[in-house]
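Here is what each chain is made of, one letter per residue.
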Amino acid sequence: MGKDSAQMTVGRWGLASGWRNKDNKFVPFMDRLNVSREKPRHVLQVDQILPMAKHDDTVKMAEEIMGRCKNMHIKPEWVAVDKTGYGFGTWSHLQKVWGPVLGIGWNEKATERKILAEDQVGADKQVDGVMSEMWWAFRRWIDPTCGAILINKIVPTSPLYSQLTSRRYKNGKNGIKVEPKEEYISRNRVSPDEADSVIQLLHVVRLNSDVIPGLV
């Protein structure tokens, strides 16, 4: 909407044996119940954030998304798009001509899906709305205690890192409530488009996977 840019985040989800630090040294994941033993861990790796051209023609936008995904062998069920406002037409066309693409209405209720394996209740009992769920899930997954998100070093740190660390939140009626985008833009004079794209990637992974990362 408005001056917001269109961003496409691409990542990989699955078992990883470890990660590489800034010195390119490999650091294996260890078994949390037996720290002397290595053990692979399910991780979401954010690989690329690709800017897209904005189109008033929602069909043209949908076809660009579909073409990029096919080139990268991404199936429709692993794609999420913002279906708020103009995005609804793009999502509707993708559903009709391609497959079960996830449409995210940012004003919808939170899902009943747990965020971490240790949680006793679903996200709907922890946060206020699906937008807050996506942000809160990202915060908990990327926490080193959980370590379920890695960001590829080829992804530019600016503006992504500042967007991910400057979003405010408070206690809402149903739990954690993240500030609306309009308030964020008012404070920072820029839209958090890259971060919004990243947290949507996490959301489609959470809804599609039968694995829920945890602290143990």
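Residues numbered from 1 in each chain as written. Predicted model: local features only at pLDDT ≥ 70, side-chain atom pairs only at ≥ 80, totals over all residues. Heavy atoms only, no water.

## Observations concerning the sheet that holds strand 9 (residues 149-151)
Taken in spatial order, the three strands line up as 1-6-9 in an open sheet, and their pairing is mixed. Every interior strand has two partners, whereas the edge strands, strand 1 (6-16) and strand 9, have only one. On average, each strand axis in the sheet is tilted by 30° relative to the strand beside it, whichever way the strands run. Where strand 1 meets strand 6 (residues 41-52), 11 bridges bridge the pair, whose relative direction is antiparallel. Bridge pairing links tryptophan 13 to leucine 44 in strand 6. Along the sheet, helix 1 (residues 58-71) contacts strand 1 and strand 6; its crossing angle with strand 6, the most-contacted strand, is approximately 135°. (Pairing = 2+ DSSP bridges. Helix = DSSP H or I, 4+ residues; strand = E, 2+ residues; numbered from the N terminus. Axes fitted to C-alpha atoms, helices over the stretch in contact; angles between N-to-C directions. Contact = heavy atoms within 4.5 Å.)

## Focus: the environment of glutamate 77
Examined against the element boundaries, glutamate 77 turns out to sit in the loop between helix 1 and strand 7 (80-82). Counting along the chain gives 63 residues from glutamate 77 to glycine 14, while the straight-line C-alpha distance between them is 16 Å. Among residues more than four places away in sequence, those in contact with glutamate 77 are Pro100, Val204 and Asn208.

## Here we look at the pairing of strand 5 (residues 34-38)
Of all five residues that make up strand 5, zero are buried, and the element is exposed over most of its length. Pairing of strand 4 (residues 30-31) with strand 5, which is carried by two bridges, proceeds in the antiparallel orientation. Note that in strand 5 the partner of methionine 30 across the bridge is glutamate 38. Connecting strand 4 to the next strand, strand 5, in antiparallel fashion are two residues. (Buried < 20%, exposed > 50% of the residue type's maximum accessible area, 1.4 Å probe, protein only.)

## Remarks on the nonpolar core
Among the nonpolar cores identified, the biggest contains 33 residues, and Trp106, Ile115, Trp135, Phe138, Trp141, Leu160 and Leu202 are the most heavily contacted of them. Listing elements by their share of this core, those giving two or more residues are strand 6, helix 3 (130-142), helix 4 (160-165), strand 11 (175-178) and helix 6 (193-208). Apart from residues no more than four positions distant in its own chain, isoleucine 115 is found in contact with Ala123, Gln126, Trp136, Ala137, Arg140, Trp141, Arg206, Ile212 and Pro213. Within the second largest apolar cluster, 15 residues are counted, among which are Met8, Met52, Met66 and Leu94. (Core = buried A, V, L, I, M, F, W, Y, C linked by side-chain atoms within 4.5 Å.)

## Description of the pattern of salt bridges
The full count for this structure, using the stated rule, is 11 salt bridges. We note a salt bridge from lysine 181 to aspartate 4, for which the minimum N-O separation is 3.1 Å. Pair noted here: lysine 181 is in helix 5 (residues 181-188) and aspartate 4 is in the segment before strand 1, with a separation of 177 residues, a long-range link. For the pair lysine 181 and aspartate 4, one class covers both residues: buried. One salt bridge in this structure joins arginine 206 and glutamate 133, with 2.8 Å as the shortest N-O distance. Taken as a pair, arginine 206 in helix 6 and glutamate 133 in helix 3 lie far apart in primary sequence, 73 residues in all. Since its relative accessible area comes to 3%, arginine 206 is described here as buried. Taken together, the shared-partner salt bridges connect Asp4, Arg167, Lys181 and Asp196 into one network. (Salt bridge = Lys/Arg side-chain N within 4 Å of Asp/Glu carboxyl O.)

## Digging into the packing of helix 3 against helix 6
Running from N to C, helix 3 and helix 6 cross one another at 85°; their axes reach a closest spacing of 9 Å. Comparing the axis directions of helix 3 and helix 6 gives the class roughly perpendicular. Where helix 3 approaches helix 6, its residues Val130, Glu133, Met134, Trp135, Ala137, Phe138 and Trp141 are matched on the opposing element by Ala195, Asp196, Val198, Ile199, Gln200, Leu202, His203, Val205 and Arg206. Of the residues that constitute the contact of helix 3 with helix 6, the class distribution is 11 nonpolar, two polar and three charged. (Parallel < 35°, antiparallel > 145°, perpendicular 65-115°, else oblique. Nonpolar A, V, L, I, M, F, W, Y, C, P; charged D, E, K, R; others polar.)

## Considering the packing of helix 1 against helix 2 (residues 87-97)
At a closest axis distance of 8 Å, the pairing of helix 1 and helix 2 adopts a crossing angle of 55°. For the element pair helix 1 / helix 2, the angle class is oblique. At the point where helix 1 passes helix 2, the crossing takes the right-handed sense. When helix 1 is examined against helix 2, the residues Thr58, Val59, Met61, Ala62, Glu63, Ile65 and Met66 are found in contact with a partner set consisting of Gly89, Thr90, His93, Leu94 and Val97. (Left-handed = near helix turned anticlockwise from the far one by under 90°.)

This is a description of form; function is not addressed.
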